[in-house]
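Inside the fold
If you want the building blocks of each chain, they are given just below.
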Amino acid sequence: MKLTRLKQLLGLTTASILCMALISSPSFATENQQVTVFAAASLTNVLDEIGQQYEKEHQTKVVFSYASSSTLAKQIANGAPADLFISASQKWMDYLADAKAIDVTSRKTLLKNTLVLIAEKNSPINEVVLNSDWDIKAALAGSRMAVGDPAHVPAGQYAKQALETLGLWQVADPLLARANNVRAALALVEQGEAPLGIVYSTDAKVAQKIKVVATFPASSYSPIEYPIALVKQDASTGAKSFNAYLQSQAAKEVFEKYGFGVN
């Protein structure tokens, strides 16, 4: 009787009333949301898969924006509408923490990575011994070595550290093809534009046209860590939910499949 009276007063159908009840319920309010994630370019493949997996289980659209961590951090600091940020460097998360542009209480180190030297799949270069005796000029044969730009790209900064530690930086510096992110450096090698490149091991793992010719000693560069944080202090339920999912066992299995170390 009460429902009939309500229908008469509002001029609504039963379906309309049920729809209103659903929309006002807490469970429905958490659904049909969009979460925007700014993430380091090296996470492209793995996050695309995790995002698709998450969307199948939740009525939440996950949108990713991939670029160099430095580029994304500066965009967030300038007010870009990100919900989550995943950096390939603690430095750029520190930058946002100092700018009070993230929820520092949500910050956590999510992943780890390593650094490798790559060549095009059909290259005559099959193995390189990474030490101060390596003749980079001869190996490049008049060409250049692809890296993320050490001036602002984390992968390039790790590469510079490794080359400095191995006593190779002074020779390598003028011979670098400096890309605006690590995936761009990978593409230069895949397309034959550069005979050698320095990328993360996870980039090499997903590439079909390259091979790993050397692995940099872990002691030659700072630990490669990927911190994650919610951007907004008043983060949406959807953002919090996806943040938690990225730290779940289901996501861990996908990260490990792509070669990332998981904390």
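Residues numbered from 1 in each chain as written. Predicted model: local features only at pLDDT ≥ 70, side-chain atom pairs only at ≥ 80, totals over all residues. Heavy atoms only, no water.

1. A closer look at the overall build of the protein
- For the protein, the count of helices and strands is 13 helices and 11 strands.
- Taken over 263 residues, the protein has a buried fraction of 48%.
- Taking the contacts inside the protein whose residues are at least 6 apart along the sequence as the reference set, 79% of them involve residues at least 24 apart.
- Within the structure as shown, the protein displays about 12800 Å² of accessible surface, and the carbon and sulfur contribution to it stands at 51%. (Helix = DSSP H or I, 4+ residues; strand = E, 2+ residues; numbered from the N terminus. Buried < 20%, exposed > 50% of the residue type's maximum accessible area, 1.4 Å probe, protein only. Contact = heavy atoms within 4.5 Å. Areas by Shrake-Rupley, 256 points an atom, 1.4 Å probe, with all protein chains shown as cover.)

2. Comments concerning the nonpolar core
- Core analysis: the largest hydrophobic core is formed by 73 residues, its most contacted members being Leu117 and Phe242.
- In contact with Leu117, other than residues within four places in its own chain, are Val128, Leu130, Trp134, Met145, Leu196, Gly197, Ile198, Lys211, Val212, Val213, Ala214 and Phe216.
- Membership of the second largest hydrophobic core comes to 15 residues, among which are Phe85, Ile102, Ala229 and Val231. (Core = buried A, V, L, I, M, F, W, Y, C linked by side-chain atoms within 4.5 Å.)

3. A word on the pairing of strand β10 (residues 224-230)
- The buried fraction of β10 is high, at 6 of 7 residues.
- Of the strand pairs in this sheet, strand β3 (residues 84-86) and β10 are connected by 3 bridges, and their pairing is antiparallel. Across the sheet, Leu84 pairs through a bridge with Leu230, a residue of β10. (Pairing = 2+ DSSP bridges.)

4. Thoughts on the packing of aromatic side chains
- This model, assessed by the stated rule, comprises 10 aromatic pairs.
- The interplanar angle of 65° and the centroid separation of 6.5 Å between the aromatic rings of Tyr158 and Tyr221 together place this pair among those described as edge-to-face. Taken together, the residues span a long stretch of sequence, with Tyr158 in helix α8 (residues 154-165) and Tyr221 in the loop between β9 (210-215) and β10 at a distance of 63 residues.
- For the pair Tyr226 and Phe260, a centre-to-centre distance of 5.6 Å together with 85° between the ring planes defines the contact as edge-to-face. One end of the pair, Tyr226, is in strand β10; the other, Phe260, is in the loop between α13 (249-257) and β11 (261-262), with 34 residues separating them in the sequence.
- On the basis of relative accessible area, Tyr226 is assigned to the buried category, the value being 0%.
- Ring pairs connect the aromatic residues Tyr158, Tyr200, Tyr221, Tyr226, Phe255 and Phe260, which therefore count as one cluster. (Phe/Tyr/Trp six-rings, centres within 6.5 Å; stacked < 30°, edge-to-face > 60°.)

5. Thoughts on empty space enclosed by the protein
- Considering all chains together, one arrives at 2 cavities of 30 Å³ or more under this definition.
- Taken as a whole, the largest cavity encloses approximately 60 Å³ of empty space.
- If you go around the largest cavity, you meet 13 residues; those closest to its centre are Ala40, Ala41, Val153, Pro154 and Val182.
- Here the lining of the largest cavity is built from residues that sort into 9 nonpolar, 4 polar and no charged. (1 Å grid on protein atoms, 1.4 Å probe; cavity = no way out; pocket = protein on both sides within 12 Å on 5 of 7 lines; lining within 4 Å. Points joined across faces, edges and corners; volume = space filled by probe spheres on them. Nonpolar A, V, L, I, M, F, W, Y, C, P; charged D, E, K, R; others polar.)

6. A word on the environment of Thr36
- Note that Thr36 resides in strand β1 (residues 33-40).
- Residue class for Thr36 comes out buried when judged on its relative accessible area of 15%.
- Residues Thr36 and Pro81, spaced 45 residues apart in sequence, show a C-alpha to C-alpha distance of 7.4 Å.
- Apart from the residues lying within four places of it in its own chain, the contact partners of Thr36 are Val63, Pro81, Ala82, Asp83 and Leu84.

7. Comments concerning helix α6 (residues 90-98)
- Within the span of α6, buried status applies to Gln90, Trp92, Met93, Leu96 and Ala97. Buried residues of α6, seen end-on, are gathered within an arc of 165° and therefore sit on one face of the element.
- Those residues of α6 that are buried are in contact with α5 (69-77), β3, β4 (108-113), α8 and β10.
- The N-terminus of α6 is capped by Ser89, whose side-chain oxygen sits 3.1 Å from the backbone nitrogen of Lys91.
- Note on α6: the residue one or two positions beyond its end, Lys100, has a positive phi of about 55°. (Arc of directions from axis to C-beta. Polar contact = N/O pair within 3.5 Å; in protein donor to acceptor, adjacent residues only side chain to side chain.)

8. Some points on the confidence of the model for the protein
- On average, residues of the protein carry a pLDDT of 90, and 88% of them reach 70 or more.
- For the stretch residues 1-31, pLDDT sits under 50, and the model shows 14 contacts to residues farther than four places along the chain or on other chains. (pLDDT = per-residue confidence, 0-100.)

9. Describing the packing of helix α4 (residues 44-57) against helix α12 (residues 237-246)
- Contact geometry for α4 and α12: axes closest at 11 Å, N-to-C directions at 120°. In this view, α4 runs oblique relative to α12, as classed from their interaxial angle. Crossing of α4 against α12: the hand is right-handed. Counted together, Leu47, Ile50, Gln53, Tyr54 and Glu57 of α4 and Gly238, Ser241, Phe242, Tyr245 and Leu246 of α12 form the full contact between these two elements. (Axes fitted to C-alpha atoms, helices over the stretch in contact; angles between N-to-C directions. Parallel < 35°, antiparallel > 145°, perpendicular 65-115°, else oblique. Left-handed = near helix turned anticlockwise from the far one by under 90°.)

10. Examining the pairing of strand β8 (residues 196-200)
- Summarising burial for β8: 5 of the 5 residues are buried, a large majority.
- As judged from the 5 bridges shared by strand β5 (residues 115-120) and β8, these two strands associate in the antiparallel manner. When the sheet's bridge partners are listed, Leu117 is paired in β8 with Ile198.

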